Amino acid sequence: METLKELKEMVALVTGGGSGIGRAVALALAREGVRVAVADLQAEKAIQVAEEAKGMGVEALALPMDVRQGASVARGVEEALGAFGKLDILVCAAGTDRIAPFLETDEALWDELIAVNYKGVLHACKAVLPHMVAQGGGTIVNLASDAGRVGSSGEAVYSGTKGAVIAFTKALAREVARYGIRVNAVAPGPTDTPLLHRLRQGHEGLFEAMVRATPMRRLAQPEEVAEAVVFLASPRASFITGQVLSVSGGLTMC
Ligand SMILES: NC(=O)c1ccc[n+]([C@@H]2O[C@H](COP(=O)([O-])OP(=O)(O)OC[C@H]3O[C@@H](n4cnc5c(N)ncnc54)[C@H](O)[C@@H]3O)[C@@H](O)[C@H]2O)c1
């Protein structure tokens, strides 16, 4: 496949880059010649993905990072800047979920979902944006979810965090457009990742129903989601900002 010439020599940081969609994004960017910083709570997985990226002929860096902690994110961003000298692309893919009816959830779970899925995005954007502003441009792609557009049973609080990511993406896009920075979101439907396999245990019926409700009648592959992220991050999307692109086989059309 031909690579996107415009992406070559760029530098990306991918949170949650050690697994699933984040891993697929890091490797898809590496395939385009982008130098990648792979940030993840699971340091050994980040190292594995960084090694895979290096195998594609690009420089890559593994960053142990907890997106719940502002200081951890700031440290990782500084390390990436020290290694690569700049940051053109931020992809926020770190995320977590648990299936339970809202009435069976407790505040500890709400706090965890908000800390990882929403505040994690805030920490990453806060740490990266000053550098993008100073360099006169950059792009951010946040992983939302179709759950954040239309809601999803058993994922009420998760849906709320993803709705927050969508609203934040749009508001931030308005604020930073003047600096040449674009901010968009990709909203996957059910995607074949380790997270989904964990969630599916004991809830097989729910996931079968989601696939039945999907016009294309299957799960997304993480690589299919990554294609949309790479497009939005690339200069080919140069006039696209504040948008949410669903990659869900038609599950939601809004
Ligand atoms: N898989 C799906 O069906 C699906 C659907 C819609 C949206 N999403 C979203 O896509 C993103 C990626 O999900 P995935 O399915 O690839 O999951 P995954 O579990 O395979 O990967 C998520 C990665 O995030 C990392 N992570 C979790 N908490 C972290 C923290 N505090 N700090 C740093 N890293 C942390 C994990 O270690 C893991 O490597 C998430 O935001 C998720 O909500 C997934």
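In case you missed it, the structure is sitting above this.
Residues numbered from 1 in each chain as written. Predicted model: local features only at pLDDT ≥ 70, side-chain atom pairs only at ≥ 80, totals over all residues. Heavy atoms only, no water.

Draft legend 1. A look at a nonpolar patch on the surface. A surface patch of nonpolar side chains, about 430 Å² in accessible area, is lined by F102, L103, W110 and I114. In this structure, L103 sits in the loop between β4 (89-92) and α4 (107-135). (Patch = residues over 30% accessible without salt bridge, like charges linked within 9 Å, V, L, I, M, F, W, Y side chains within 5 Å. Areas by Shrake-Rupley, 256 points an atom, 1.4 Å probe, with all protein chains shown as cover. Salt bridge = Lys/Arg side-chain N within 4 Å of Asp/Glu carboxyl O. Helix = DSSP H or I, 4+ residues; strand = E, 2+ residues; numbered from the N terminus.)

Draft legend 2. Broad picture of the packing of helix α3 (residues 70-84) against α4. In the contact formed by α3 and α4, the axes pass within 9 Å of each other and the chain directions differ by 35°. In this structure, the crossing between α3 and α4 has a hand that is right-handed. Facing G70, V73, A74, V77, E78 and L81 of α3, the residues of α4 in contact are H123, A124, A127, V128 and H131. Partitioned by chemical class, the residues of the contact of α3 with α4 number 7 nonpolar, 3 polar and 1 charged. (Axes fitted to C-alpha atoms, helices over the stretch in contact; angles between N-to-C directions. Left-handed = near helix turned anticlockwise from the far one by under 90°. Contact = heavy atoms within 4.5 Å. Nonpolar A, V, L, I, M, F, W, Y, C, P; charged D, E, K, R; others polar.)

Draft legend 3. Representation of the nonpolar core in the model. Ranked by size, the top nonpolar core spans 38 residues in total, and within it L13 and L90 carry the most contacts. Where this core is concerned, the elements lending two or more residues are β1 (11-15), β2 (35-40), β3 (60-64), α3, β4, α4, α6 (156-176) and β6 (181-188). Per-element tally for this core: the top contributor is α4, with 8 residues. For L90, the contacting residues outside a window of four places in its chain are L13, A124, C125, V128, M132, T139, I140 and V141. Judged by nonpolar contacts, the second largest core, of 37 residues, contains A28, A46, L232 and A237. (Core = buried A, V, L, I, M, F, W, Y, C linked by side-chain atoms within 4.5 Å. Buried < 20%, exposed > 50% of the residue type's maximum accessible area, 1.4 Å probe, protein only.)

Draft legend 4. Geometry of α3. The end-to-end C-alpha distance of α3, which contains 15 residues, comes to 21 Å, matching closely the 21 Å that a straight helix rising 1.5 Å per residue would cover. Among the residues of α3, those classed as buried are S72, V73, G76, V77, A80, L81 and F84. In this structure, the buried side of α3 is in contact with β1, β2, β3 and α4. Just past α3, the residue G85 takes up positive phi, approximately 85°. (Expected span 1.5 Å × (residues − 1).)

Draft legend 5. Summary view of the sheet that holds β2. Pairing in this open sheet of 7 strands is parallel, and the strands run β3-β2-β1-β4-β5-β6-β7 from one edge to the other. In the strand order of this sheet, the two ends are held by β3 and β7 (244-247), each with one partner. Within the sheet, the average angular offset between the axes of one strand and its neighbour, ignoring direction, is 15°. As defined by bridge partners, β2 adjoins β3 across 5 bridges and the pair is classed as parallel. Following the sheet pairing, V38 is matched in β3 by A62. α3 contacts β1, β2 and β3 of the sheet and is inclined by roughly 165° relative to β3. (Pairing = 2+ DSSP bridges.)

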